[in-house]
Amino acid sequence: MSRADTGIVHLGLGAFFRAFGCVYVADAMAASGGDWGIIGVSLRSPATRDALRGQDWAYTSVSLGATGRQTRRIEVLNDVLVAPEDPVAVLNAMADPKVKIVSLTVTEKGYCHIPATGALDADHADVQHDLTHDVPVSAVGYLVRALQMRRAAGDAPFTVLSCDNLPENGAVVRGVVLDMAARIDPDLADWIATEGRFPCTMVDRITPATTQGDIAALARDGINDAAPVMHEPFGQWAIEDNFVGGARPDLGAAGVELVTDVAAFEAMKLRMLNGTHSALAYTGYLAGHETIADTVGDPVFATYVQRLWAEIMPAVTAPKGVALPNYAEALFDRYANPAIRHRTWQIAMDGSQKLPQRLLGTLRDNMDAGRASPCLILAVAAWMRYVTGIDEAGAPIDVRDPLAARLRSAADGCDTPDQVVRALLGFEEVFASDLAPRLLGPVTEAAEVIWKYGARKAAQEIVR
């Protein structure tokens, strides 16, 4: 079939964007046309490129409902580049004036920022490299150097569209881009600040990692696909409608909510979905539950997550037309979907980058308002137990986190739970210096219960 020309380059082409953004863009072009084909960029591994190349970049999107699955062929990708193999090709693709949007899903750690403050981490090794080399290695570096190429050619900048779970994600990526650009060329930073656009977004679709079992199941049904994506039926995308020259696909026709301010959507989703997801990931993993569905199938954790929402909702301003209790009820149904095997271990990754926006912001608001938050406190203590790298049965935990080695080293130097808590609260990348002392007492109490009785018993004591 004839495909649309490329109008979007996407950095960090993983399962989520292929199950989410690519589907919405395909729907937008089906409704209204336009040249919005996508070049995907893998910033680390060639695995996705290698799997898709033999399929002419097409793949199967599999929607997993409680009563069955639906499959759909997605043909919006035009190419997949692997940045470490040919970084210049990536820069040239981004610098092409036909490209109007560069989107990204690089996870929280990919922004090379300090999670507690949002500022560029100038000491980050990738940042240090990108400040002194024309060929970058970080997502931020690619954005800055490609924008530099656009400016030198006299072309308009592209819109930078973050699709990661960060509060005010557009503002965060704008901040780190401008900071890096200013260190390279202050005039470049001024041009980006004036001409560039960085809309904030909220993205929502649960996308578990595809397994070999998933691939084999499709093959038995006659669908041979080396890189399908599995996802829940639900999807929601809210975008601040602020694009360079107004150039974007007709996303509204695809069901995207185009709004003037996405902050309320972001805060609701980050705190009520991502916050409880992280809390269930750490407590559920420690209790021996493999998936979120398994975890909420345990009556203790089903009650625990309901209590979590009761603590979180007072710290959330609902978007217009949304009733937070109804939103929480719908979230529980999504979590309990037996067809979605979203592993607690997968969600637990990169917790040092996630805690500030998913849990700690809510805790700060509740503490400022004098509201008790025992379930949120328990989640923080469970994260601390998790990153020690040893589970409740004494078995090792494969902790995937940019601070994993430092966190483990700090914990290994402690003899008691209260010492672990004190040591980990000292990580200012995670815990702001004014918040850590306020958390010391309550988190220590929760940690002592977890260490002595386990996460499930600790949750049971709170919710009884």
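Each remark here, short or long, concerns the structure printed above.
Note that this is a predicted model, so its numbers are computed, not measured.

Basis of the calculations
Residues numbered from 1 in each chain as written. Predicted model: local features only at pLDDT ≥ 70, side-chain atom pairs only at ≥ 80, totals over all residues. Heavy atoms only, no water. Pairing = 2+ DSSP bridges. Helix = DSSP H or I, 4+ residues; strand = E, 2+ residues; numbered from the N terminus. Axes fitted to C-alpha atoms, helices over the stretch in contact; angles between N-to-C directions. 1 Å grid on protein atoms, 1.4 Å probe; cavity = no way out; pocket = protein on both sides within 12 Å on 5 of 7 lines; lining within 4 Å. Points joined across faces, edges and corners; volume = space filled by probe spheres on them. Nonpolar A, V, L, I, M, F, W, Y, C, P; charged D, E, K, R; others polar. Salt bridge = Lys/Arg side-chain N within 4 Å of Asp/Glu carboxyl O. Buried < 20%, exposed > 50% of the residue type's maximum accessible area, 1.4 Å probe, protein only. Expected span 1.5 Å × (residues − 1). Contact = heavy atoms within 4.5 Å. Phe/Tyr/Trp six-rings, centres within 6.5 Å; stacked < 30°, edge-to-face > 60°. Lys NZ or Arg CZ within 6 Å of the ring centre and 35° of its normal. Arc of directions from axis to C-beta. Polar contact = N/O pair within 3.5 Å; in protein donor to acceptor, adjacent residues only side chain to side chain.

Let us look at the sheet that holds strand β8 (residues 201–204). The three strands are arranged β8-β10-β11 in an open sheet whose pairing can be described as mixed. The open sheet is flanked by β8 and β11 (257–259), the only strands paired with a single partner. For this sheet, the mean inter-axis angle between neighbouring strands, taken without regard to orientation, is 15 degrees. Pairing of β8 with strand β10 (residues 236–240), which is carried by four bridges, proceeds in the antiparallel orientation.

Right, let's get into empty space enclosed by the protein. If you walk through the whole model with that rule in mind, you get three cavities of 30 Å³ or more. As a volume, the largest cavity reaches approximately 60 Å³. Taken together, Ile-8, Phe-17, Val-25, Ile-101, Ser-103, Leu-161, Trp-237, Pro-249 and Leu-251 form the lining of the largest cavity. Among the residues forming the lining of the largest cavity, the class breakdown is eight nonpolar, one polar and no charged. The computed volume of the second largest cavity comes to approximately 40 Å³. Around the second largest cavity sit Asp-164, Asn-165, Leu-166, Asn-169, Thr-201, Met-202, Val-203, Glu-266, Lys-269 and Leu-270, which together line it. Secondary-structure elements contributing two or more residues to the lining of the second largest cavity are β8 and α10 (263–286).

Counted by the stated rule, this structure contains 27 salt bridges. Between Arg-49 and Asp-50 there is a salt bridge, with the nearest N and O atoms lying 2.6 Å from each other. Looking at Arg-49, the relative accessible area reads 11%, which means it is buried. Overall, Asp-50 belongs to the partly exposed group, its relative accessible area being 41%. For Glu-461, the salt bridge identified is with Arg-464, shortest N-O distance 3.2 Å. Each of the salt bridges in this network shares a partner with another, and the network as a whole consists of Arg-49, Asp-50, Arg-53 and Glu-85.

So, on to helix α6 (residues 139–152). Between its terminal C-alpha atoms α6 stretches 20 Å, which fits the 20 Å expected from 14 residues at 1.5 Å a residue. Judged by how many residues are buried, α6 sits mostly within the fold: ten of 14 residues are covered. Buried within α6 we find Ala-139, Val-140, Gly-141, Tyr-142, Leu-143, Val-144, Arg-145, Ala-146, Leu-147 and Arg-150. Two residues or fewer past α6, Gly-154 is found with a positive phi of approximately 80 degrees.

This part takes up the sheet that holds strand β9 (residues 229–231). A sheet is described by the order of its strands in space; here three strands give the open sequence β4-β3-β9, paired in mixed fashion. Both edges of this open sheet fall to β4 (68–74) and β9, since each of them pairs with a single strand only. Ignoring which end each strand starts from, the neighbouring axes of this sheet average 20 degrees apart. Across the face of the sheet, helix α2 (residues 21–32) comes into contact with β3 (59–65) and β4 while running at roughly 65 degrees to β4.

Here the focus is the layout of surface pockets. In this structure, the second largest pocket encloses a volume near 530 Å³. If you go around the second largest pocket, you meet 22 residues; those closest to its centre are Pro-115, Ala-116, Pro-167, Pro-356 and Gln-357. Elements with a minimum of two residues in the lining of the second largest pocket: α10 and α15 (351–368). Class assignment of the residues belonging to the lining of the second largest pocket gives a composition of 13 nonpolar, five polar and four charged.

This part takes up the pairing of β4. Pairing between β3 and β4: seven bridges, direction antiparallel. Directly across from Ser-61, in β4, lies its bridge partner Arg-72. Hairpin connection from β3 to β4: two residues lie between these consecutive antiparallel strands.

Another point: unusual backbone geometry. Positioned with a positive phi, Asp-56 is a non-glycine residue whose angle comes to about 55 degrees. With respect to the element layout, Asp-56 can be found in the loop between α3 (47–53) and β3. With relative accessibility at 48%, the residue Asp-56 sits in the partly exposed group. Positive phi, normally seen in glycine, also occurs at Asp-350, with a value near 60 degrees. Among the secondary structure elements, Asp-350 is positioned in the loop between α14 (344–347) and α15.

The full count for this structure, using the stated rule, is nine aromatic pairs. Here the aromatic rings of Phe-20 and Tyr-24 are separated by 5.0 Å at their centres, their planes lie at 65 degrees, and the arrangement is edge-to-face. The ring of Tyr-59 carries Arg-18 above its face, with NZ or CZ at 4.7 Å from the centroid. Positioned over the ring face of Trp-451 is Arg-385, at 5.3 Å from the centre of the ring.

A word on helix α17 (residues 404–412). Along α17, the positions that sit buried rather than exposed are Ala-404, Leu-407 and Ala-411. Seen end-on, α17 carries its buried residues on one side only, within an arc spanning 70 degrees. More than 90 degrees from the buried face of α17, the exposed residues found are Ala-405, Ser-409 and Asp-412.

What follows deals with the side chain of Asp-126. Along the chain, the position of Asp-126 falls in helix α5 (residues 125–132). Within the structure, the side chain of Asp-126 is placed 3.5 Å from the side chain of Arg-44, a separation counted as a polar contact. Excluding its chain neighbours within four sequence positions, the residues that come into contact with Asp-126 are Arg-44, Cys-112, Val-137 and Ser-138.

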